[in-house]
Every structure is written in C-alpha cells, then in structure tokens.
Amino acid sequence: MTLDPNSFEAVRPKLSLQTLQDIEGLDPLKYGFGRKECCGPIPAKILGSMKLQEHFFLNSRMLPTEWDKRTENVPGYKELAEQVKKECPEASFTVSHLDRDTDDSILHFKVDEEEKAVAITQYSGVTEPYELPSNAKGKLAVDRSGEYFIFICAHFTRDERCGYCGSVLMDLFRHAITETMGEGGAARVSVHACAHVGGHIYAGNVLIYSRYGGICYGLFKPEDVQMVVDAIKEDKGEVPELLKNRIRGQMGPSTESK
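Residues numbered from 1 in each chain as written. Predicted model: local features only at pLDDT ≥ 70, side-chain atom pairs only at ≥ 80, totals over all residues. Heavy atoms only, no water.

### Some thoughts on the overall build of the chain
Alright, step 1. From N to C terminus, the chain includes 8 helices and 10 strands.
Alright, step 2. Whereas a compact globule of 258 residues would reach a radius of gyration of roughly 18 Å, the chain reaches 18 Å, a difference of no more than 12%.
Alright, step 3. Each principal axis of the C-alpha distribution contributes one length, and for the chain these read about 60 × 40 × 35 Å.
Alright, step 4. Burial status across the chain gives 52% buried among its 258 residues.
Alright, step 5. Once local pairs closer than 6 in sequence are excluded, the contacts in the chain between residues at least 24 apart make up 71%.
Alright, step 6. For the chain, the computed accessible surface area is about 12,700 Å², with 49% contributed by carbon and sulfur atoms.
Alright, step 7. Charged side chains of the chain number 31 positive and 39 negative; the gap between the two group centres comes to 5 Å. (Helix = DSSP H or I, 4+ residues; strand = E, 2+ residues; numbered from the N terminus. Rg over C-alpha atoms; globule rule 2.2 N^0.38 Å. Buried < 20%, exposed > 50% of the residue type's maximum accessible area, 1.4 Å probe, protein only. Contact = heavy atoms within 4.5 Å. Areas by Shrake-Rupley, 256 points an atom, 1.4 Å probe, with all protein chains shown as cover. Lys, Arg positive; Asp, Glu negative; His and termini not counted. Charge placed at Lys NZ, Arg CZ, Asp CG, Glu CD.)

So this is what it looks like as structure tokens:
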C-alpha cells in the first residue's frame, strides 16, 4: 500500500528530533496536512490574499518556539517595527530565525526597477540602539541577490497549524535541497522559520525570494517541496504550474507595476 505523501508516516523519516519534539502531541488531522482545508478543493479566495511588496526580515537567534504571540519579546522587534511603519508604510516587517551561529541581522528585499530584479541585501550588526539600515551608521551591507531565501511560517504561539506545518516543511526543504543540489546548492538556498504572515487557515505558508521576485504560497504540502526545489535548481524564476492556484501574493518588476 502506497503512503499518502502528505501523511505523518510518510514524512517522519526526514524530520529532525527537534521537530518531532516540537510537534509531539499535535494531531496531524487537526493541525497538519490532514486538515480538511488541505485535502479539499483549493479556495479561490486564496489568490491575492496577501499583499507582498518591499519586505524587511529581522533575523534573530531567538527560537520560534520562544516567540510570543506578536513577537514583541524578540529583541529589536518593537523598535524596528515602528521605524518600518513610519518610514516605509507599504513594506512588510517579519521576524525570522537564524539557522546559523551568526549575529542578528536584517534582510531587505526590494524591487530594483532599473535592474528589473529584486535586490537582496543583508545588514549585520543589529544591536541596541535598534535602527533600520537607512538610519544606522557602520552596518555592514552584503549583496545576497544571487541567492534564494525560503521563509516558512512556524509561529507556534500564534497558531499551532503554522507551528506544525512550518516545522515539518523546513525539515523537508532542507533535506530535498541537499539531496537535489548537494552541499553547494544548499549554501545558496537559505531556509528560515518566520513569524506570522497572515492566513493561518492557509498553513503551510511559504515565501520564496530571489532576484526574480518574491512569491507566497498557501496550503503548501510535503508533496509540493520537490517541485519547488527542482525549479530553484533550474534557476529560471519559473513557478511550478501545479502551484499557481495557491499563490497568495507576488512581488517583482512585473507585478509591482500592475
């Protein structure tokens, strides 16, 4: 008998001990990919349900399981969120988790209309007093526009569906990237847990940024992981045909002007 690729039994061998501990006790039929919204028809209202434009991420070493409901306990969040609201009112601001032993940083994704691409910049040295890169002096800016960034909502305290689905999908993405692209590929594709992006019912919520643009998928499932990794390996900015009916929002030179 063939296992459902989205079932817990099918994905369990690829999950880390930490993920198994984090989701222990959560019923996959209630919080995971066995939920009715994951198994039924894709709702038409999922399309365009998220506004995706300029985006800042505060990369913090604080674990996602430690974030409070609104991530206000993450160092720097409140100060930086207020600055984004004041200076870049159309931009989004989200907390994400560093998966490497490095200092806190800010990742900035913004359309460069002249280059017809998305510029991706990392600013390091994010400490008190917390300031956006436009205000701060002495922050090291690194261009990371040649890389891919995958952010997956895994905000347990905001909604356990996101916590469950996000934790599982992160492990599956990391496994598939290494298997498909090798260590070199894994070095240019970062997978991060991120905080609430809205639409808990659409968990898993997966954001992918590259020089080609940004895209958010909803109701993302384990069986979808490999086709996205294959598309990243091809590096042509193409969207898998089977996922086009689950695009919650897009950002890029061609979509910003529409």
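### Digging into the nonpolar core
Alright, step 1. Ranked by size, the top nonpolar core spans 55 residues in total, and within it Phe109, Ile150, Phe151, Phe173, Leu207, Tyr209 and Phe220 carry the most contacts.
Alright, step 2. Here this core spans two domains, since at least three of its residues come from each of domain 1 (10–47 + 148–248) and domain 2 (55–143).
Alright, step 3. Leu58, Met62, Val84 and Ala195 belong to the second-largest nonpolar core, a separate cluster that totals 18 residues. (Core = buried A, V, L, I, M, F, W, Y, C linked by side-chain atoms within 4.5 Å. Domains from an automatic or database assignment.)

### Brief notes about the domain arrangement of the chain
Alright, step 1. According to the domain assignment, the chain consists of domain 1 (10–47 + 148–248) and domain 2 (55–143).
Alright, step 2. Of note, the centres of domain 1 and domain 2, computed from C-alpha atoms alone, are 21 Å apart.
Alright, step 3. Contacts between the two partners involve 21 residues from domain 1, matched on the other side by 22 residues from domain 2.
Alright, step 4. Where domain 1 abuts domain 2, roughly 1,800 Å² becomes buried across the two surfaces, and 63% of that area is made up of carbon and sulfur atoms.
Alright, step 5. The interface formed by domain 1 and domain 2 holds 0 salt bridges in total.
Alright, step 6. Inspection of the domain 1/domain 2 interface yields 9 residue pairs in polar contact (both at pLDDT 80 or more). (Buried area = accessible area lost by both parts, 1.4 Å probe. Salt bridge = Lys/Arg side-chain N within 4 Å of Asp/Glu carboxyl O. Polar contact = N/O pair within 3.5 Å; in protein donor to acceptor, adjacent residues only side chain to side chain.)

### Details of the side chain of Ser145
Alright, step 1. Here Ser145 lies in the loop between strand S5 (141–143) and strand S6 (148–153).
Alright, step 2. A polar side-chain atom of Ser145 sits 3.0 Å from the main-chain amide nitrogen of Ile120.
Alright, step 3. A polar contact of 2.6 Å, which involves the side chain of Ser145, links it to the side chain of Asp143.

### What about the pairing of strand S10 (residues 247–251)?
Alright, step 1. Of all 5 residues that make up S10, 4 are buried, and the element is covered over most of its length.
Alright, step 2. Bridge count between strand S9 (residues 213–217) and S10: 4 bridges; the pairing is antiparallel. The residue bridging Tyr217 from the neighbouring strand is Ile247, located in S10. (Pairing = 2+ DSSP bridges.)

### Structural notes on the packing of helix H6 (residues 160–187) against helix H7 (residues 225–234)
Alright, step 1. At a minimum axis separation of 9 Å, H6 and H7 run at an interaxial angle of 45 degrees. When the axes of H6 and H7 are compared, the pair comes out oblique. In this structure, H6 crosses over H7, and the sense of that crossing is right-handed. Here Leu169, Leu172, Phe173, Ala176, Ile177, Thr180 and Met181 of H6 come into contact with H7, specifically with Val225, Gln226, Val228, Val229, Asp230, Ile232 and Lys233.
Alright, step 2. Looking at the contact of H6 with H7, its residues break down into 10 nonpolar, 2 polar and 2 charged. (Axes fitted to C-alpha atoms, helices over the stretch in contact; angles between N-to-C directions. Parallel < 35°, antiparallel > 145°, perpendicular 65-115°, else oblique. Left-handed = near helix turned anticlockwise from the far one by under 90°. Nonpolar A, V, L, I, M, F, W, Y, C, P; charged D, E, K, R; others polar.)

### Regarding helix H5 (residues 77–87)
Alright, step 1. Among all positions in H5, only Tyr77, Leu80, Gln83 and Val84 are buried. Take H5 and look down its axis: the buried residues cluster within an arc of 135 degrees, on one side only. Residues of H5 that are exposed and point more than 90 degrees away from the buried face comprise Lys78, Glu82, Lys85 and Lys86. (Arc of directions from axis to C-beta.)

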